[in-house]
Structures are given as structure tokens and as C-alpha cells.
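Next come the chains, spelled out residue by residue.
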Amino acid sequence: RGEDWRGAGRYLAREVRPGDGVAAPGVTGLLRYYFPRIDRHAVDLTAIPGASADRVLAVRTRFMTAAERDQLDRLAKRSRSRRTMEFIGIRVDICDGLWH
């Protein structure tokens with residue numbers, strides 16, 4: 001209620017490149033309508049440390065647990081660069097250069 005799923009989904013559809021990972025804890029299904037390719041890019045937060053993706057797009061919402069939020073904070077700190085896009089009730093961080 002109130003989240004801009006359309007805006008966030010369309011942003012992901014424009015920004016996600018082959019080989020990118022998308023971490024969207026608890027909301028992958030909600031984003032699927034506007035970003036049908038999410039299933040090809042979805043990564044579980046527990047799999048990120050070993051993921052081969054150099055770039056991860058992290059989707060933050062109020063539906064996340066505190067532990068999931070902490071994991072995404074650690075991910076953002078490891079990245080060489082980060083861009084953030086805000087939507088109503090949703091924030092997407094693009095974390096680059098995670099494994100270098």
C-alpha cells in the first residue's frame with residue numbers, strides 16, 4: 001500500500017544488465033509484474049557473498065527484516081561505487097565492483 005512498484009520495476013527493467021544480480025527480499029513476486037525478467041536475476045541474500053555478479057541491485061522496502069537490511073548495508077559498504085534511486089516506499093541501490 002503506497003509503494004511505487006511500477007516505478008521500481010520499470011527502473012529495474014531499464015537498469016539490469018546481463019550478469020547482474022537483483023536482491024529483493026520478500027518482494028520479488030510484487031516486482032515481477034513490472035519486471036518479468038526478475039527471476040533470471042534474483043539472488044538470495046545468503047548467496048551474495050559467493051555470487052558471480054559484479055553488480056547487485058538491492059531493493060529495500062519496509063517488508064525487509066532487520067537482518068536483511070543489515071546484509072544489504074554490508075553489501076553497500078563493500079561496493080566500489082553505489083548509485084541510489086528512490087521511489088515511494090522503495091529504494092534501489094546499484095552496488096558496483098563488489099568482488100574486486
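These numbers were taken from a predicted model, which means no experiment stands behind them. (Residues numbered from 1 in each chain as written. Predicted model: local features only at pLDDT ≥ 70, side-chain atom pairs only at ≥ 80, totals over all residues. Heavy atoms only, no water.)

Q: Account for the overall build of the protein chain, naming residues and giving values.
A: Assigned secondary structure in the protein chain consists of four helices and four strands. Starting at the N terminus and walking to the C terminus, you meet the elements of the protein chain as α-β-α-α-β-α-β-β. Against the 2.2 N^0.38 benchmark of 13 Å for 100 residues, the protein chain shows a C-alpha radius of gyration of 12 Å, consistent with a compact globule. Principal axes of the C-alpha set define a box for the protein chain whose edges measure 35 × 30 × 20 Å. Going through the 100 residues of the protein chain one by one, you find that 43% of them count as buried. Once local pairs closer than 6 in sequence are excluded, the contacts in the protein chain between residues at least 24 apart make up 60%. Of the roughly 5,600 Å² that the protein chain leaves accessible, carbon and sulfur atoms contribute 49%. Taking the average place of the 19 positive charges on the side chains of the protein chain and the average place of its 13 negative ones, the gap between the two points comes to 2 Å. (Helix = DSSP H or I, 4+ residues; strand = E, 2+ residues; numbered from the N terminus. Rg over C-alpha atoms; globule rule 2.2 N^0.38 Å. Buried < 20%, exposed > 50% of the residue type's maximum accessible area, 1.4 Å probe, protein only. Contact = heavy atoms within 4.5 Å. Areas by Shrake-Rupley, 256 points an atom, 1.4 Å probe, with all protein chains shown as cover. Lys, Arg positive; Asp, Glu negative; His and termini not counted. Charge placed at Lys NZ, Arg CZ, Asp CG, Glu CD.)

Q: So what's going on with the nonpolar core? Which residues, and what values?
A: Counting residues in hydrophobic clusters, the biggest one holds 17 residues, and the most contacted among them are Leu12, Val22, Leu31, Leu57, Val59, Ile90 and Val92. Only α1 (5-15), β2 (56-61) and β4 (90-96) provide two or more residues apiece to this core. The biggest single contributor to this core is α1, with four residues. Leave out the neighbours within four places in its chain, and isoleucine 90 touches Glu3, Asp4, Trp5, Ala8, Val59, Arg60, Thr61 and Met85. Ala23, Met64, Leu72 and Ala76 belong to the second-largest nonpolar core, a separate cluster that totals nine residues. (Core = buried A, V, L, I, M, F, W, Y, C linked by side-chain atoms within 4.5 Å.)

Q: A description of the packing of aromatic side chains should follow, citing residues and the corresponding values.
A: For the structure on display, the rule yields three aromatic pairs. Judged by centre distance (6.1 Å) and plane angle (25°), the rings of tryptophan 5 and phenylalanine 63 are stacked. In this pair, tryptophan 5 is assigned in helix α1 and phenylalanine 63 in the loop between β2 and α4 (66-78), connecting sequence segments 58 residues apart. Judged by its relative accessible area of 38%, phenylalanine 63 is partly exposed. (Phe/Tyr/Trp six-rings, centres within 6.5 Å; stacked < 30°, edge-to-face > 60°.)

Q: If you had to explain the pairing of β4 to someone new, which residues and values would you point to?
A: In terms of burial, β4 is a largely internal element, five of the seven residues being buried. With six bridges connecting them, β2 and β4 associate as antiparallel partners. Counted as the bridge partner of alanine 58 is aspartate 93 from β4. Hairpin connection, strand β3 (residues 81-87) to β4: the antiparallel pair is bridged by two residues, and glycine 89 has positive phi, about 75°. (Pairing = 2+ DSSP bridges.)

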